[in-house]
Amino acid sequence: QVQLVESGGGLVQAGDSLRLSCAASGGTLSVSGMGWFRQAPGKEREFVATISWSSGNQYYADSVKGRFTISRDNAKKTVYLQMNSLKPEDTAVYYCAAGFPRRTVVSNTGEYDYWGQGTQVTVSS
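Residues numbered from 1 in each chain as written. Predicted model: local features only at pLDDT ≥ 70, side-chain atom pairs only at ≥ 80, totals over all residues. Heavy atoms only, no water.

Undergrad: Go over the side chain of threonine 78, please, and point to the residues and values.
TA: Looking at the element boundaries, threonine 78 is found in strand S8 (residues 78-83). Those residues in contact with threonine 78 that sit more than four places away from it in its chain are Ser21, Cys22, Ala23, Trp53, Ser71, Arg72 and Asp73. (Helix = DSSP H or I, 4+ residues; strand = E, 2+ residues; numbered from the N terminus. Contact = heavy atoms within 4.5 Å.)

Shown next, in the form of structure tokens:
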């Protein structure tokens, strides 16, 4: 059973940076991609970014393009989300996900089989 554990969340001010990490453990990580979603209070979970485990191809939501960068370390079975120029609207619980997301629907939560427990990111104005 694959387990995903996020870390790196916290309280920052607008314009600051944070780096989230997601480490996979508990079994053979036979997935094709890992990504990040977020959920703000009263809102649906939304796609942030995903990365192909083999090719390294990256996909981003328009709202974070140019500010967030997703990367992975295959040897450590870890994916990262570098978040720069944070805004108050980035405040949410950030979830790591892993699965076999098809390229044209990487933003769909149903494409992912494994989820972490989430880490809170709060950006004050």
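Undergrad: An account of the state of the cysteines is requested, with residue identities and associated values reported.
TA: Inspection of every chain in the model, using the stated rule, returns 1 disulfide. Across a sulfur-sulfur distance of 2.0 Å, cysteine 22 and cysteine 96 are joined as a disulfide pair. Disulfide cysteine 22-cysteine 96: the torsion about the S-S bond is -80 degrees, which places it as left-handed. Here cysteine 96 lies in strand S9 (residues 92-99) and cysteine 22 lies in strand S3 (residues 18-25), a separation of 74 residues in the sequence. For cysteine 22, a relative accessible area of 0% puts it in the buried group. (Disulfide = S-S within 2.5 Å. Buried < 20%, exposed > 50% of the residue type's maximum accessible area, 1.4 Å probe, protein only.)

Undergrad: Please provide a residue-by-residue account of the packing of aromatic side chains, values included.
TA: Using the criterion set out here, one finds 4 aromatic pairs in the structure. Ring centres of tyrosine 112 and tryptophan 115 lie 6.2 Å apart, and the angle between their planes is 65 degrees; this geometry places the pair in the edge-to-face category. We classify tryptophan 115 as partly exposed; its relative accessible area is 27%. In textbook terms, an aromatic cluster arises when at least three aromatic residues are bridged by ring pairs, as seen for Phe37, Phe47, Tyr112 and Trp115. Above the plane of the ring of tyrosine 80 lies arginine 19, whose end atom (NZ or CZ) is 4.0 Å from the centre. The positively charged end of arginine 45 is found above the aromatic ring belonging to tyrosine 95, 3.7 Å away from the centroid. (Phe/Tyr/Trp six-rings, centres within 6.5 Å; stacked < 30°, edge-to-face > 60°. Lys NZ or Arg CZ within 6 Å of the ring centre and 35° of its normal.)

Undergrad: Before we move on, can you summarise the environment of aspartate 16 with the specific residues and values?
TA: By the element assignment, aspartate 16 lies in the loop between strand S2 (10-13) and S3. A relative accessible area of 33% means that aspartate 16 is categorised as partly exposed. Expressed as a C-alpha distance, the spacing of aspartate 16 and valine 123, which sit 107 residues apart in the sequence, is 8.4 Å.

Undergrad: Any details on the nonpolar core? Residues and values, ideally.
TA: Residues Met34, Trp36, Leu81, Met83 and Tyr94 are the most contacted members of the largest nonpolar core, which totals 35 residues. Elements represented by at least two residues in this core include exactly S3, strand S4 (33-39), strand S5 (46-52), strand S7 (68-73), S8, S9 and strand S11 (119-124). For this core, the element with the most residues is S9, which contributes 5 residues. (Core = buried A, V, L, I, M, F, W, Y, C linked by side-chain atoms within 4.5 Å.)

Undergrad: Which residues make up the pattern of salt bridges, and what are the values?
TA: A full pass over the atoms with the stated rule returns 5 salt bridges. Ionic pairing is found between lysine 65 and aspartate 62, a salt bridge with its closest N-O pair at 3.3 Å. With a relative accessible area of 65%, aspartate 62 lands in the exposed category. (Salt bridge = Lys/Arg side-chain N within 4 Å of Asp/Glu carboxyl O.)

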